Amino acid sequence: MAPNHDDKILAASKRHPIVPLEKGQFYKYGTAGFRMRASLLEGITFRVGLLAALRSRKLNSQAIGVMVTASHNPAADNGVKIVDPMGEMLEQDWEKYATGLVNCQSDEELVKQYNELAHQLKIDLKAPAKVIYGRDTRPSGHKLVSALADALEATDTEYVDHKLLTTPQLHYLVRATNTEGTPLSYGKVSEAGYYEKLAHAFVRAMKNKKIDGTLTVDCANGIGGPKLSEFLKYIPKGKVNLDVKVVNDDVLRPEVLNLDCGADFVKTKQRAPPIPKPQPGARCCSLDGDADRLMYYWIDPERGFFMLDGDRISSLAASFIGDLVESAGLKHDIRIGVVQTAYANGASTNYITQHLKLPVICTPTGVKHLHHVAQSFDIGVYFEANGHGTVLFSPDALTAFKEKQPQSPAQKDALETLAALGDLINQTVGDAISDMLMVEVILAHKAWSLRDWAMTYSDLPNRLVRVEVGNKDLFHTTDAERRLSHPEGAQQEIDDAVKKYKDARSFARASGTENACRVYAEAATRSEANELAERVARIIERYGSGQ
Ligand SMILES: CC(=O)N[C@H]1[C@@H](OP(=O)(O)O)O[C@H](CO)[C@@H](O)[C@@H]1O
Ligand SMILES: [Mg+2]
């Protein structure tokens, strides 16, 4: 007889009610799962647990991950998202099922829809299921994970609570769990296993190169602080000279999470966090609240603040890895590509295509889109301008690094470094700690300061504007979000505006995470970029109000 979870789900669901929204509004599994004020999330997290259990049963009982975090949002928010078996984001086709379950009006309707989904997707509810989960430092996380556990109990799902984790650590653990004991083993299934893997790969990739000076790491007062401090204990003394100063790592006062610090602050405000007082010349980087975004910067004694964002990290990685592939004698066997979104600075795209001679593909916003396209290369480098990204190596590429017989000491060296990078760089998702170690390795190999890195090309002046509109759903895009297909006439007006400026580019789209549109503009000078952005913002305002 099929196990009947219905009564258990019904009873448990009553303990975790959904907060009804105003008529006509509904909850949506967005770019980063469900993310909103934490007070609205208990019932949602319970229902996400139901879906995670179904997903595990659908995928031969592989472990599914659930991460409770609201990343760089204020402390009062929280969020919940599902991680697929290889550590990737939930398959897009399933987002609508999450949205469906969460928007059921009653507990009875929820149970009905749960069973209908199982039937429609041919899921055997008798099969074993496994879910593993973690959370960031937000106090609301406790209540949310207990709602999640209730859903897993009600559906007879095995679960492991990994407690406090960075988002990328949870992604690592999901993949490690599902590959344990196989030739594709991703590492030990523990937080310590994650640190050991990274520390070991870091030492191998450094190859006795020297890192110049101290790196100050702003951890946004989030989970990255304690986790980075823990990681540092795993670096063998005397083998590498990584000198890290961890700052903004206060996780005991939730109100300071992401407050005037962190990668999102640095990127959007284009300045260093005020605390600790910025030191001219100091090499700095910032993580975000769940440690999956990374920004580098320094205050130049002469020219002031200078930021090295996701585009810079992407071009740095592509250039270094491209050179290594050539030195390893694999240039004709391995296809390297770079994936960006329309927000990437045009100068970075030019540098990658014209100087590095690598192909660049533009995808819609959201790392799941970039990740997917990056998988089509042997080595796919992807970063959003906001500092979220990674480098993916195909199984063929990893095999080539390990098995190719080197013809010279230089080839051997390049192959070893590539193999070490394959272990150092998180293959499941963008990971600020892993990306930071990658940047440190590259700067040490090139013997570059942040200023040397910044000299590779000059960014085009640009401006990003948030525009409140009556109805953002009126805006539809095409060509990887670079053009508007609706409302009719809007794109023509943007084109006409762009033509008035030199080296200019501008586009507008509805945000996937906020109730607003975003306008991006770049041009040859700062004043022109500002003027163009304002002009396009006015166009969007006008069309967004339906006039
Ligand atoms: C311009 C911008 O930075 N957009 C961000 C933002 O998406 P929007 O759809 O633009 O709101 O949040 C996403 C999730 O964190 C992130 O992937 C993306 O890069
Ligand atoms: Mg984040």
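Residues numbered from 1 in each chain as written. Chains lettered and ligands numbered in written order. Predicted model: local features only at pLDDT ≥ 70, side-chain atom pairs only at ≥ 80, totals over all residues. Heavy atoms only, no water.

## As for the UniProt feature "active site" (unreviewed entry) in the protein chain
Line of reasoning, step 1. When the UniProt feature table is mapped to this numbering, "active site" (unreviewed entry) covers S71.
Line of reasoning, step 2. Its location among the elements puts S71 in the loop between strand 2 (63–68) and strand 3 (77–83).
Line of reasoning, step 3. Setting aside residues no more than four positions away along its own chain, S71 makes contact with R35, D136, R138, N258, D288, G289, D290 and D292. (UniProt positions renumbered as here; feature names shortened; annotations may be inferred. Helix = DSSP H or I, 4+ residues; strand = E, 2+ residues; numbered from the N terminus. Contact = heavy atoms within 4.5 Å.)

## Describing the coordination of the magnesium ion (ligand 2)
Line of reasoning, step 1. Protein coordination at the magnesium ion (ligand 2) comes from S71 (OG), D288 (OD), D290 (OD) and D292 (OD), with a distance range of 2.0 to 2.2 Å.
Line of reasoning, step 2. In terms of primary sequence, the donors binding the magnesium ion (ligand 2) are separated according to S-x216-D-x1-D-x1-D.
Line of reasoning, step 3. Exposure remark for D292: the relative accessible area of 5% places this residue in the buried category. (Donors = N, O, S within 2.8 Å, 3.2 Å for Na, K, Ca; no water. Buried < 20%, exposed > 50% of the residue type's maximum accessible area, 1.4 Å probe, protein only.)

## Some thoughts on the pairing of strand 12 (residues 360–363)
Line of reasoning, step 1. Where strand 11 (residues 336–341) meets strand 12, four bridges bridge the pair, whose relative direction is parallel. Along strand 12, the bridge assignment pairs Q340 with C362.
Line of reasoning, step 2. A crossover links strand 11 with its parallel partner strand 12, the connecting element being helix 11 (residues 346–355), and its sense is right-handed. (Pairing = 2+ DSSP bridges. Right-handed = clockwise from strand over helix to strand, strands pointing away.)

## Some remarks on unusual backbone geometry
Line of reasoning, step 1. The omega angle of the peptide bond from I275 to P276 is -10°, so this bond is cis rather than trans.
Line of reasoning, step 2. Inspection of the secondary structure assignment puts P276 in the loop between helix 9 (263–269) and strand 8 (283–287).
Line of reasoning, step 3. Here the phi dihedral of N60 falls at roughly 55°; this positive angle occurs in a residue that is not glycine.
Line of reasoning, step 4. Assignment of secondary structure puts N60 in the loop between helix 2 (42–58) and strand 2.
Line of reasoning, step 5. One non-glycine residue with positive phi stands out, namely A447, at about 55°.
Line of reasoning, step 6. Structurally, A447 is set in the loop between helix 15 (432–446) and helix 16 (450–454).
Line of reasoning, step 7. Taking the relative accessible area as the measure of exposure, A447 reaches 63% and is therefore exposed.

## Topic: helix 6 (residues 167–179)
Helical geometry note: an α-helix holds 3.6 residues per turn, so side chains three or four residues apart project in the same direction.
Line of reasoning, step 1. For helix 6, built from 13 residues, the straight-helix expectation of 18 Å at 1.5 Å per residue is met to within 8% by its first-to-last C-alpha distance of 19 Å.
Line of reasoning, step 2. Most of helix 6 is tucked away: 13 of the 13 residues are buried.
Line of reasoning, step 3. Phi turns positive, to about 75°, at G181, one or two residues after helix 6. (Expected span 1.5 Å × (residues − 1).)

## Some remarks on the packing of aromatic side chains
Line of reasoning, step 1. Tallied over the full model, the rule gives 16 aromatic pairs.
Line of reasoning, step 2. Here the aromatic rings of Y172 and Y194 are separated by 5.3 Å at their centres, their planes lie at 80°, and the arrangement is edge-to-face. Here the residue Y172 occupies a position in helix 6, and Y194 occupies one in helix 7 (residues 191–206), the gap between them amounting to 22 residues.
Line of reasoning, step 3. When its relative accessible area of 3% is taken as the criterion, Y172 is described as buried.
Line of reasoning, step 4. Judged by relative accessible area, Y194 falls into the buried class, the value being 1%.
Line of reasoning, step 5. Here the aromatic cluster, defined as three or more aromatic residues joined through ring pairs, consists of Y172, Y186, Y194, Y195, F231 and Y234.
Line of reasoning, step 6. Between the NZ or CZ atom of K197 and the centre of the ring of Y186, over which it lies, the distance is 3.5 Å. (Phe/Tyr/Trp six-rings, centres within 6.5 Å; stacked < 30°, edge-to-face > 60°. Lys NZ or Arg CZ within 6 Å of the ring centre and 35° of its normal.)

## Examining the sheet that holds strand 18 (residues 505–510)
Line of reasoning, step 1. The strand order 15-19-18 describes an open sheet built from three strands, whose pairing is antiparallel. Where the open sheet ends on each side, the last strands, each with one partner, are strand 15 (462–467) and strand 18. Each strand of the sheet is rotated relative to its neighbour by a mean of 15°, with strand direction disregarded.
Line of reasoning, step 2. Both strand 15 and strand 19 (residues 517–522) contribute to a ladder of six bridges, which runs antiparallel. Looking at strand 19, one finds that V465 is bridged to V519. (Axes fitted to C-alpha atoms, helices over the stretch in contact; angles between N-to-C directions.)

## Quick word on the confidence of the model for the protein chain
Line of reasoning, step 1. Overall, the predicted model of the protein chain reaches an average pLDDT of 96, with 99% of residues at or above 70.
Line of reasoning, step 2. Interface confidence for the predicted complex, expressed as ipTM, amounts to 0.98; the pTM equals 0.97. (pLDDT = per-residue confidence, 0-100.)

## Some details on the UniProt feature "domain: Alpha-D-phosphohexomutase C-terminal" (unreviewed entry) in the protein chain
Line of reasoning, step 1. If you check UniProt for "domain: Alpha-D-phosphohexomutase C-terminal" (unreviewed entry), the listed places come out as residues 464–538 in our numbering.
Line of reasoning, step 2. Summarising residues 464–538: 29% helix, 31% strand, and an end-to-end C-alpha distance of 14 Å.

## As for the site of ligand 1
Line of reasoning, step 1. Close to ligand 1 lie R293, Y343, T365, G366, E384, N386, R509, S511, G512, T513 and R518.
Line of reasoning, step 2. In the model, an oxygen atom of ligand 1 is placed 2.5 Å from a nitrogen or oxygen of the S511 side chain.
Line of reasoning, step 3. Here an oxygen atom of ligand 1 and a backbone polar atom of G512 are 2.7 Å apart.
Line of reasoning, step 4. Contact with the protein chains covers 85% of the free accessible surface of ligand 1, which is 440 Å².
Line of reasoning, step 5. Here the residues of the shell around ligand 1 sort into one nonpolar, six polar and four charged. (Near = heavy atom within 4 Å. Polar contact = N/O pair within 3.5 Å; in protein donor to acceptor, adjacent residues only side chain to side chain. Areas by Shrake-Rupley, 256 points an atom, 1.4 Å probe, with all protein chains shown as cover. Nonpolar A, V, L, I, M, F, W, Y, C, P; charged D, E, K, R; others polar.)

## Section: the pattern of salt bridges
Line of reasoning, step 1. Applying the stated criterion to the full structure yields 37 salt bridges.
Line of reasoning, step 2. With a shortest N-O distance of 3.5 Å, K14 and E108 are connected by a salt bridge. Of the two residues, K14 sits in helix 1 (residues 6–15) while E108 sits in helix 4 (residues 107–120), which places them 94 residues apart along the sequence.
Line of reasoning, step 3. Classification of K14 by relative accessible area gives partly exposed; the value is 47%.
Line of reasoning, step 4. Accessibility expressed as a relative area gives 44% for E108, which makes it partly exposed.
Line of reasoning, step 5. The salt bridge partner of K499 is D496, with a shortest N-O separation of 3.4 Å.
Line of reasoning, step 6. On the accessibility criterion, K499 (64% relative accessible area) is exposed.
Line of reasoning, step 7. With relative accessibility at 33%, the residue D496 sits in the partly exposed group.
Line of reasoning, step 8. Within the structure, one salt-bridge network assembled from shared partners comprises K207, K412, D413 and E416. (Salt bridge = Lys/Arg side-chain N within 4 Å of Asp/Glu carboxyl O.)

## Topic: the pairing of strand 3
Line of reasoning, step 1. Burial runs high along strand 3: seven of the seven residues are buried.
Line of reasoning, step 2. Neither face of strand 3 is left uncovered, since the one carrying D77, G79, K81 and V83 and the one carrying N78, V80 and I82 both have all their residues buried.
Line of reasoning, step 3. Sheet topology note: the strand 2/strand 3 ladder contains four bridges and is antiparallel. Note that in strand 3 the partner of G65 across the bridge is V83.

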